[in-house]
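As a plain string of letters, each chain reads:
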Amino acid sequence: MKKFTLAFVLFALSFAFLLASVPLKNVGAQGGRPDNPGEQSAVRADGKVVAPDGVVFESHKSFIDAGRKCSTRHADDIEIEKVNKDIEKNRSANGGGQAGGGGTSTDGARIYANGSVNVNVYFHVVSTATGTGNIPDSRLDAQIAAMNEHYSGLDTPVYRNGASNMSFRFVRAGVDRTVNDTWYNAGLGSAAEAQMKNALRVGSADDLNLYTTGGGGYLGWATFPNEYAGNPKMDGVIVYWATLPGSNYAPYNEGDTATHEAGHWLGLYHTFQGGCLGSGDGVTDTPAERAATYGCPSRSLDTCKQNAGLDPYENFMDYTDDPCMYKFTAGQSDRADSMWSTYRAGK
Ligand SMILES: [Ca+2]
Ligand SMILES: [Ca+2]
Ligand SMILES: [Ca+2]
Ligand SMILES: [Zn+2]
């Protein structure tokens, strides 16, 4: 009898616990923190945007304004000046060469032929104990295919004019898989990020380590080439797993996030770097723009009237939706080549 009472109490307790936990989950979902945002569209029917960590933003604009698209560190003027000097020094050491892409010294010059630099990509797939983020190899291959299309200037057929055929192509060189909730949730600069990268990073300065995780609440982030020498283990790109092709996380599920972050990894800044002032992104043929553009503008914008040119929101280094960003410019191609030659090639 006693045994039965104990069993009954335990049963009742666990039932009560279940009852208590079920409504919590429902409230969470209704309150806008779905367990797995990557399984659904990022932009919901009501216009709200759900970040990778489940935080709900009232609008597309507020998601972008909160910086959730990319948490890559912002390079300041001192760092940019130092980088430009390194590029210049590297160029003289290699026998000079004309500045390309529109003429300023900061663009550097095109060094390599179209598609002639093959970059080994080492994927590190980090998932949770419940399986979130454990994406199949087919999506990794789809990501490589998307990047190669983007870097060839062939993203969106109707817009192919003017998109640069870059020097870089990407090759899947390795895949490892780790189940670790702490690493899955690692944010920029966190102890978890350092632990994960120290444990998983492979290769040298010219190898791309691409981690797919929860993105720390962001779509992704990257390190710059000039950081490699001082901190080689931290070098690489992290993206939210649902930004790879094959998820439902529209409009950020066509692989443009990894293309954008690899752009940083190759040494490109945001097209809105510095706003309307100064040298901006250090690339002449990307007109200055005041701030990041979001969504998919239906008309041309000119937020820096005093600077020639319209806002380059179709550029991979802006913050627009995947279907609306489709190009790198010749100047970006030049700069990426210079950065590669200065900081990564054979290093
Ligand atoms: Ca520019
Ligand atoms: Ca302008
Ligand atoms: Ca695109
Ligand atoms: Zn970025």
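Check the entry above for the structure.
Per chain, the residues get numbers from 1 upward, laid out in the order the sequence is written. The naming scheme follows written order: chains are lettered A onward, ligands numbered 1 onward. Under the rules for a predicted model, residues below a pLDDT of 70 receive no local features and side-chain atom pairs below 80 are neither given nor counted, while totals for whole chains, interfaces and linings still include all residues.

**So, the overall build of the chain**
Move 1: Helix and strand counts for the chain stand at 8 helices and 7 strands.
Move 2: Residues are treated as contacting if the C-beta atoms built from their backbones sit within 7 Å of each other. Counted over contacts in the chain with a minimum sequence separation of 6, partners at least 24 positions apart contribute 68%. Secondary structure elements follow DSSP: runs of H or I of four or more residues count as helices, runs of E of two or more count as strands, with numbering from the N terminus.

**Brief notes about the packing of helix 4 (residues 137-151) against helix 7 (residues 256-265)**
Move 1: With their axes 9 Å apart at the nearest point, helix 4 and helix 7 run at an angle of 60° to one another. With respect to helix 7, the element helix 4 is oriented oblique. Crossing handedness for the pair helix 4 and helix 7: right-handed. Contacts between helix 4 and helix 7 pair Gln143, Ala146, Met147 and His150 from the former with Asp256, Ala258, Thr259 and Ala262 from the latter.
Move 2: Looking at the contact of helix 4 with helix 7, its residues break down into 4 nonpolar, 3 polar and 1 charged. For helices, the fitted line uses only the C-alpha atoms of the stretch in contact; every axis is such a line through C-alpha atoms, and the angle between N-to-C directions lies from 0 to 180 degrees. An angle below 35 degrees is read as roughly parallel, one above 145 as roughly antiparallel, one from 65 to 115 as roughly perpendicular, and any other as oblique. Should the near helix be turned anticlockwise from the far one by less than a right angle, the crossing is left-handed, and should it be turned clockwise, the crossing is right-handed. Gly counts as polar in this scheme, as do all residues outside two lists: the nonpolar Ala, Val, Leu, Ile, Met, Phe, Trp, Tyr, Cys and Pro, and the charged Asp, Glu, Lys and Arg.

**Examining helix 4**
Residues lying three or four places apart along an α-helix face the same way, a consequence of the helix completing one turn every 3.6 residues.
Move 1: Expected helix span is computed as 1.5 Å times (number of residues minus one). With 15 residues, helix 4 ought to run about 21 Å at 1.5 Å a step, and its terminal C-alpha atoms sit 21 Å apart, in line with that.
Move 2: To sort residues by burial, count the other C-beta atoms lying within 10 Å of each one's C-beta; a count of 20 or more means buried, 12 or fewer means exposed, and anything in between means partly exposed. C-beta atoms are built from the backbone. Within helix 4, burial applies to Leu140, Gln143, Ile144, Ala146, Met147, His150 and Tyr151. Taken end-on, helix 4 shows its buried residues confined to a sector of 160°, consistent with a single buried face.
Move 3: At its buried positions, helix 4 is contacted by strand 3 (117-127), strand 4 (168-179) and helix 7.
Move 4: Gly153, located one to two residues past helix 4, shows a positive phi value of around 80°. This arc is taken over the directions from the axis of the helix to the C-beta atoms.

**Topic: the pairing of strand 5 (residues 207-213)**
Move 1: Here strand 5 lies mainly inside the structure; 6 of its 7 residues are buried.
Move 2: Following DSSP output, two strands are said to pair if at least two bridges run between them. In the sheet, strand 3 pairs with strand 5 via 6 bridges, with the strands oriented parallel. Residue pairing across strands places His124 opposite Tyr211, the latter belonging to strand 5.
Move 3: By the bridge criterion, 4 bridges tie strand 5 to strand 7 (residues 237-240) in an arrangement that is parallel. Opposite Thr213, over in strand 7, you have Tyr240 as the bridge partner.

**A short note on helix 6 (residues 191-200)**
Move 1: Every buried residue of helix 6 is listed here: Glu193, Met196 and Lys197. For helix 6, the angular spread of buried residues about the axis comes to 95°, placing them on one side. In helix 6, the exposed positions that point more than 90 degrees away from the buried face belong to Ala191 and Asn198.
Move 2: In this structure, the buried side of helix 6 is in contact with strand 3, helix 5 (181-184) and strand 5.

**Description of the packing of helix 3 (residues 77-93) against helix 8 (residues 330-344)**
Move 1: Contact geometry for helix 3 and helix 8: axes closest at 9 Å, N-to-C directions at 80°. Comparing their axes, helix 8 and helix 3 come out roughly perpendicular. Contact residues: Asp86, Ile87 and Asn90 in helix 3; Ser338, Ser341 and Thr342 in helix 8.
Move 2: Residues of the contact of helix 3 with helix 8, tallied by class, amount to 1 nonpolar, 4 polar and 1 charged.

**Concerning the sheet that holds strand 5**
Note on sheets: strands pair through backbone hydrogen bonds, and any given pair is parallel or antiparallel.
Move 1: The 5 strands lie next to each other as 4-3-5-7-6, forming an open sheet whose pairing is mixed. On the outer flanks of this sheet lie strand 4 and strand 6 (220-222), each paired with one strand and no other. When the angles between neighbouring strand axes are averaged without regard to direction, this sheet yields 20°.
Move 2: Looking at chain direction, strand 6 and strand 7 are connected through 3 bridges and run antiparallel. Pairing of Gly220 across the sheet is with Val239, part of strand 7.

**Some words on the pairing of strand 3**
A regular strand carries its side chains on alternate faces of the sheet.
Move 1: The element strand 3 is largely enclosed, with a buried count of 8 among its 11 residues.
Move 2: Examined bridge by bridge, strand 3 and strand 4 share 11 bridges and lie parallel to one another. Pairing of Val117 across the sheet is with Phe168, part of strand 4.

It is worth stressing that arrangement in space is one thing and function is another; only the former is reported here.
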